[in-house]
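Residues per chain, in single letters:
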Amino acid sequence: MNIFLTSPISFPGLGIEGIDPPDGFCIPGTNFEIKFYGVIIAIGVLLAVTYCLRRAKQFGVTQDDILNLVLICLPSAIVGARLYYVIFEWDQFFGPGIPWYRFLDIRSGGLAIYGGVIGAVLGMLIYTRVRKLKIFPFLDLTGIGLLLGQAIGRWGNFFNREAHGGMTTCFLRMGLVENGALQYFHPTFLYESVWNLTGFVVLHFLSKKRKFDGQMFLAYLAWYGAGRMVIEGLRTDSLWLGPVRVSQLLAAVTMLLSLGILLYQAIFVRHDPAKMQVNRVAAAEAAAAKAAEAQPEETAEPEDAASEPEDEVSEETESSEEAKE
């Protein structure tokens, strides 16, 4: 259980004191509690999906495919986020005397964003393979949307008083009461939220000048990886693999690989804009429109041909009448 769950929150460097938001609320007339953590995550998902729907055409994908992916990738992301956490906290769920079904109780906490991203990508891979679609335009668009959703979703940690770092005296320090004493910690959820929101704005504008499909997803991995690698090192609730923070290691690896691929593509590869999905779709639509315009002219030719004998008959009639005169 989070020992800070009922603690007031303060940000003295910002002049904010005594914030004490509840971590959830009960549906009127019931004992069923809805956590603000889940509400904030849902808002983040909704905003990310809305963004992707609005920009779908600019990436050469359809809104119907985006909505289908939401139905597939959202459950796979939840499963991936839970499995990622359970694997690295195995004893917490499968230790002596612990019911085997405890790992199913996601309301008790334990979701990891990297596992969610992996699960969502696997779901997207399956969908695009079945539908015979190119996956990279979808990855590009959803990568930008992910940054927006993650920037919003991190504020769920604020209501839970979690995902903070070690003690600090920095300007942005967050005050929490531990064992009756007020102490100040790095608000790492805030750092990551600001980093992701900045990345969303940067990638939004860069995406309008992208050179190849997949470029924006690589940029997402590089941007998020760089921030997470640093911020994860400040946290006190990391998942560990021996002496290594799992998410910090994964962030570093994905950042370096993505940057390497982006640099290689920029230096050694000449990209043909016509091969990008959005341009292929635009070319296909233009060809279809041109064919539709030409169709009436083709159907008009038989009518012109049929009128020629009539003209010949009228000319013969006129010449015969002149001979009679």
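Residue positions are given per chain, counting from 1 as you read along its sequence in written order. A pLDDT threshold of at least 70 governs which residues receive local features in this predicted model, and a stricter bar of 80 or more applies before side-chain atom pairs are shown or counted, although totals over entire chains, interfaces and linings include all residues. Based on all heavy atoms of the structure, the side-chain values leave hydrogens and waters out of the count.

### Focus: the pairing of strand 5 (residues 174-178)
Whether two strands pair comes down to DSSP finding at least two bridges between them. Numbered from the N terminus, helices here are DSSP runs of H or I no shorter than four residues, and strands are runs of E no shorter than two. Pairing of strand 5 with strand 6 (residues 181-185) involves five bridges; the strand directions are antiparallel. Note that in strand 6 the partner of Val 177 across the bridge is Leu 182. The turn joining strand 5 and strand 6, which pair antiparallel and follow one another in sequence, is formed by two residues; a positive phi near 55° is taken by Asn 179.

### A closer look at the pattern of salt bridges
Only one rule defines a salt bridge in this text: a Lys or Arg side-chain nitrogen within 4 Å of an Asp or Glu carboxyl oxygen. Inspection of the entire model under this criterion finds eight salt bridges. Across the pair Asp 20 and Arg 161 runs a salt bridge whose closest N-O atoms are separated by 2.9 Å. Of this pair, Asp 20 sits in the loop between strand 2 (16-19) and strand 3 (24-26) while Arg 161 sits in the loop between helix 6 (156-160) and strand 5, placing them 141 residues apart in sequence. A salt bridge links Arg 235 to Glu 232; its shortest N-O distance comes to 3.8 Å. Taken as a pair, Arg 235 and Glu 232 share a single burial class, namely buried. Three labels apply to residues, based on accessible area from a 1.4 Å probe with only protein chains included: buried if under 20% of the type maximum, exposed if over 50%, partly exposed otherwise in between.

### Remarks on unusual backbone geometry
In this model, Lys 132 sits at a positive phi of 55°, which is unusual for a non-glycine residue. Along the chain, the position of Lys 132 falls in the loop between helix 4 (113-131) and helix 5 (135-153). Residues other than glycine seldom take positive phi values, yet Ala 163 does so here, at roughly 55°. Inspection of the secondary structure assignment puts Ala 163 in the loop between helix 6 and strand 5. Judged by its relative accessible area of 5%, Ala 163 falls in the buried class.

### Section: the confidence of the model for the protein chain
Residue-level pLDDT values for the protein chain average 90, and 89% of them are 70 or greater. Across residues 305-310, confidence stays below pLDDT 50; counting only partners more than four residues off in sequence or on other chains, it has zero contacts. For every residue, the predictor states its confidence as a pLDDT score lying anywhere from 0 to 100. The contact rule is simple, with two residues in contact once any of their heavy atoms fall within 4.5 Å. Segment residues 312-325 is flagged for pLDDT under 50; beyond a separation of four residues in sequence, or across chains, it makes zero contacts in the model.

### Some words on the packing of helix 1 (residues 36-55) against helix 5
Working convention: axes come from line fits to C-alpha atoms, limited for helices to the stretch in contact. Angles between N-to-C directions cover 0 to 180 degrees. Following both chains from N to C, one finds helix 1 and helix 5 inclined at 155°, their axes separated by 8 Å at the closest point. In terms of their interaxial angle, helix 1 and helix 5 are classed as roughly antiparallel. The way helix 1 lies across helix 5 gives a crossing that is right-handed. Each of Ile 40, Ile 41, Ile 43, Gly 44, Leu 47, Ala 48, Tyr 51, Cys 52 and Arg 55 in helix 1 lies in contact with helix 5, whose residues at this interface are Leu 141, Thr 142, Ile 144, Gly 145, Leu 148, Gly 149, Ile 152 and Gly 153. Charged residues are taken to be Asp, Glu, Lys and Arg, nonpolar residues to be Ala, Val, Leu, Ile, Met, Phe, Trp, Tyr, Cys and Pro, and polar residues to be all remaining types, Gly included. Broken down by class, the residue content of the contact of helix 1 with helix 5 amounts to eleven nonpolar, five polar and one charged. Should an angle lie under 35 degrees it is considered roughly parallel, over 145 roughly antiparallel, and from 65 to 115 roughly perpendicular; all remaining angles are considered oblique. Working rule for handedness: look at the near helix, and if it is turned counterclockwise from the far one by less than a right angle, call the crossing left-handed; if clockwise, right-handed.

### Quick notes on a nonpolar patch on the surface
Patch construction takes residues with relative accessible area above 30% that form no salt bridge. Like charges are linked within 9 Å, and nonpolar side chains (Val, Leu, Ile, Met, Phe, Trp, Tyr) are linked within 5 Å. The Shrake-Rupley method, run with a 1.4 Å probe, gives the accessible areas here. Residue values count only the displayed protein chains as cover. A contiguous nonpolar surface patch, about 420 Å² in accessible area, is contributed by Ile 41, Val 45, Leu 74, Ile 78, Ile 106 and Leu 111. Within the residue set of the nonpolar patch, elements represented by two or more residues are helix 1 and helix 2 (63-88). Summarising the element assignment, Val 45 is placed in helix 1.

### Regarding the packing of aromatic side chains
Whether two aromatic rings pair depends on their centres lying within 6.5 Å, for rings of Phe, Tyr and Trp, where Trp uses its six-membered ring; planes under 30 degrees apart make the pair stacked, over 60 edge-to-face, and the rest tilted. The final tally for this structure, using the stated rule, is 17 aromatic pairs. Residues Trp 155 and Phe 189 carry aromatic rings whose centres are separated by 5.2 Å and whose planes lie at 85° to one another, so their mutual orientation is edge-to-face. Within this pair, whereas Trp 155 is found in the loop between helix 5 and helix 6, its partner Phe 189 is found in helix 7 (residues 188-206), the two being separated by 34 residues in sequence. On the basis of relative accessibility, which here comes to 31%, the residue Trp 155 falls in the partly exposed class. Judged by its relative accessible area of 1%, Phe 189 falls in the buried class. These aromatic residues form a ring-pair network of at least three members: Phe 25, Phe 36, Trp 155, Phe 158, Phe 159 and Phe 189. Between the NZ or CZ atom of Arg 102 and the centre of the ring of Phe 93, over which it lies, the distance is 5.7 Å. Two thresholds decide whether a charge sits over a ring: the Lys NZ or Arg CZ must be within 6 Å of the ring centre and within 35 degrees of the ring normal.

### Regarding the packing of helix 8 (residues 215-232) against helix 9 (residues 246-268)
Two numbers describe how helix 8 lies on helix 9: the axes approach to 7 Å, and their chain directions differ by 145°. Here the hand of the crossing between helix 8 and helix 9 comes out left-handed. Packed against helix 8, whose contacting residues are Gln 215, Leu 218, Ala 219, Leu 221, Ala 222, Gly 225, Ala 226, Arg 228, Met 229 and Glu 232, the element helix 9 presents Ser 247, Gln 248, Ala 251, Ala 252, Thr 254, Met 255, Ser 258, Leu 259, Ile 261 and Leu 262 at the interface.

### Some words on the side chain of Thr 254
With respect to the helices, strands and loops of the structure, Thr 254 is situated in helix 9. Its relative accessible area of 17% is what places Thr 254 among the buried residues. Think of a polar contact as two N or O atoms within 3.5 Å of one another; within protein, one of them needs to be a possible hydrogen donor and the other a possible acceptor, and neighboring residues in sequence only count if both atoms come from side chains. Within the structure, Thr 254 has its side chain in polar contact with the backbone oxygen of Leu 250 (distance 2.9 Å). Within the local environment of Thr 254, its side chain forms a polar contact with the backbone oxygen of Ala 251, the two atoms lying 3.1 Å apart. Residues in contact with Thr 254, not counting those within four places in the same chain, are Tyr 114, Leu 221 and Gly 225.

### A closer look at helix 2
In a helix, the anticipated span is given by 1.5 Å times the number of residues less one. Helix length check: helix 2 (26 residues) gives 36 Å between terminal C-alpha atoms against 38 Å at 1.5 Å per residue, within 8%. The sharpest bend along helix 2 measures roughly 30° and falls at Val 70. Considered for burial, the residues of helix 2 that qualify are Asp 65, Ile 66, Leu 69, Cys 73, Ser 76, Ala 77, Gly 80, Ala 81, Arg 82, Tyr 84, Tyr 85 and Val 86. Looking at the packing, one finds that the buried side of helix 2 touches helix 1, helix 3 (90-94), helix 4, helix 5 and helix 9. Each residue is assigned a bend, namely the angle between axes fitted to the seven residues that terminate at it and the seven residues that start at it.

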